[in-house]
Amino acid sequence: MKKKIALLPGDGIGPLILKQGVKVLNAVGERFDHQFDYCIADIGASALQKFGNALPNSTLESCINSDATIVGAVGDPIYDNDISSKDTPDQGLLRLRKMLELNYNVRPVRTFPTLLDISPLKRRYVKDVDFVIFRELSSGIYFGRQGRADDQTAFDECRYTVTEIERVARPAFEEARKRKKKLTLVDRANVLETSRLWREVVSLIARDYPDIEYNTLFIDHALAEMIMRPQQFDVILTTNLFGDLMSDAVGVITGSVRLIPSMSVGKENIVFEPIYSAYPRGVRLSSANPIAGMLSVAMLLEYFNLKREARTVRSAITRIMKRGIGTPDLNLKYTVSTAEMGDLVATYITEGDDVIGGIAESGENLSTII
């Protein structure tokens, strides 16, 4: 198989994380005889500094002309602290979603047996967690009309259409059918008119899926249940804003958002990205966890129906962590840098179990890998 992949490194740890994902893709290509060709383009703060635009037209064209796009990370504290700026790194990501017509985002949440103790929650609450969030991505309050009526009044409009709801709800039900056959709609139908429309539309669609257990939760209740009893969930379906909040909150369950990949799906385009921030400090320390980026690559492979290859990537990551090896945030026996973790996973894909033959400790660092 031959595929063209657009790479958008972005800001902070984005280029470093993306580099590890490319290592994994190249290792998969070597082992399974696939060819991945890359084009690199700017987005976010790096694009603002070069072009005065967080999403240049050249970047958009690169994405449109590729089979898939991978994003590193977007953001910069300079822009975070300047709310008067008309264009921000995050605006580049929002425009990318809108211009590529990425209708919904898929974020799988799974806990690793090796990492249960890094979660602030008790082991019994996070063991065997496996659910997925389907988040509407190109409408709602993030894309509604915004403005100031006067110096004392600001507004953000939240608007949804039946079509926008249907195009995320049906894929969510289809996914539930492949999994544990349970779907939970998260809304605020007791307060918001848009949520009432969501509930009406999704309830009608649910009739087409009589084999799926369908229920609803208000967002405040859903967030509490997701933290206290995450094992109960299978597929969560929700709006753009609520999905954003829930997707970040799941880092409490896994112990780190740097373990959570994602896929943003449109009719003709698809984008893969880890969900964490640019984390500039991680670049200086070379300590950022690249696992979410590598798991996003596994999602890409699965999207192209390369299921064996995707399983190989996930197995490599899991087995290396079972050997007690990981970046500092994972608190395992042997500590490695971002690049070393990428090298290990890539080499494991091509070489198998024998890659970790001899390990010598030097303080808390992994010093020898044969």
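The model shown is predicted, which means the values in this text are computed figures rather than measured ones. (Residues numbered from 1 in each chain as written. Predicted model: local features only at pLDDT ≥ 70, side-chain atom pairs only at ≥ 80, totals over all residues. Heavy atoms only, no water.)

(A) Region of interest: the environment of Glu 268. Looking at the secondary structure, you find Glu 268 in the loop between strand 11 (263-266) and strand 12 (270-272). Along the chain, Glu 268 and Ile 236 lie 32 residues apart, while their C-alpha atoms are 24 Å from each other. (Helix = DSSP H or I, 4+ residues; strand = E, 2+ residues; numbered from the N terminus.)

(B) Looking closely at unusual backbone geometry. Even without being a glycine, Asp 33 presents a positive backbone phi close to 60 degrees. By secondary structure assignment, the location of Asp 33 is in the loop between helix 1 (14-32) and strand 2 (35-40). With a phi angle near 65 degrees, Asn 305 is a residue other than glycine that sits in the positive phi range. A residue is classified by how much of its surface remains accessible, and Asn 305, at 56% relative accessible area, is exposed. (Buried < 20%, exposed > 50% of the residue type's maximum accessible area, 1.4 Å probe, protein only.)

(C) Expanded view of the nonpolar core. Core analysis: the biggest nonpolar cluster contains 69 residues, and Phe 134, Leu 237, Ile 291, Leu 300, Leu 301 and Met 321 have the highest contact counts within it. Top element by residues in this core is helix 13 (residues 291-303). It accounts for eight residues. Setting aside chain neighbours within four positions, we find Met 321 in contact with Phe 112, Thr 114, Leu 115, Ile 291, Leu 330, Leu 332 and Met 341. Counting residues in each nonpolar core, the second largest holds 20 residues, with Leu 116, Ala 222, Met 246 and Ile 253 among its members. (Core = buried A, V, L, I, M, F, W, Y, C linked by side-chain atoms within 4.5 Å. Contact = heavy atoms within 4.5 Å.)

(D) Molecular detail of the sheet that holds strand 4 (residues 102-110). Strand order in the open sheet formed by ten strands is 2-1-3-12-11-4-5-10-8-9, and the pairing between neighbours is mixed. The two strands at the open ends of the sheet, each matched to only one other strand, are strand 2 and strand 9 (213-218). Between one strand axis and the next, the sheet turns through 25 degrees on average, direction left out of account. Bridge analysis of strand 3 (residues 68-73) against strand 12 gives two bridges, and the strand direction is parallel. Bridge pairing in strand 12 places Thr 69 opposite Val 271. The sheet strands contacting helix 13 are strand 1 (2-10), strand 2, strand 3, strand 4, strand 11 and strand 12, and the helix crosses strand 12 at an angle near 150 degrees. (Pairing = 2+ DSSP bridges. Axes fitted to C-alpha atoms, helices over the stretch in contact; angles between N-to-C directions.)

(E) Spatial organisation of the side chain of Thr 59. As for its placement among the helices and strands, Thr 59 is situated in helix 3 (residues 57-64). For Thr 59, a relative accessible area of 1% corresponds to the buried category.

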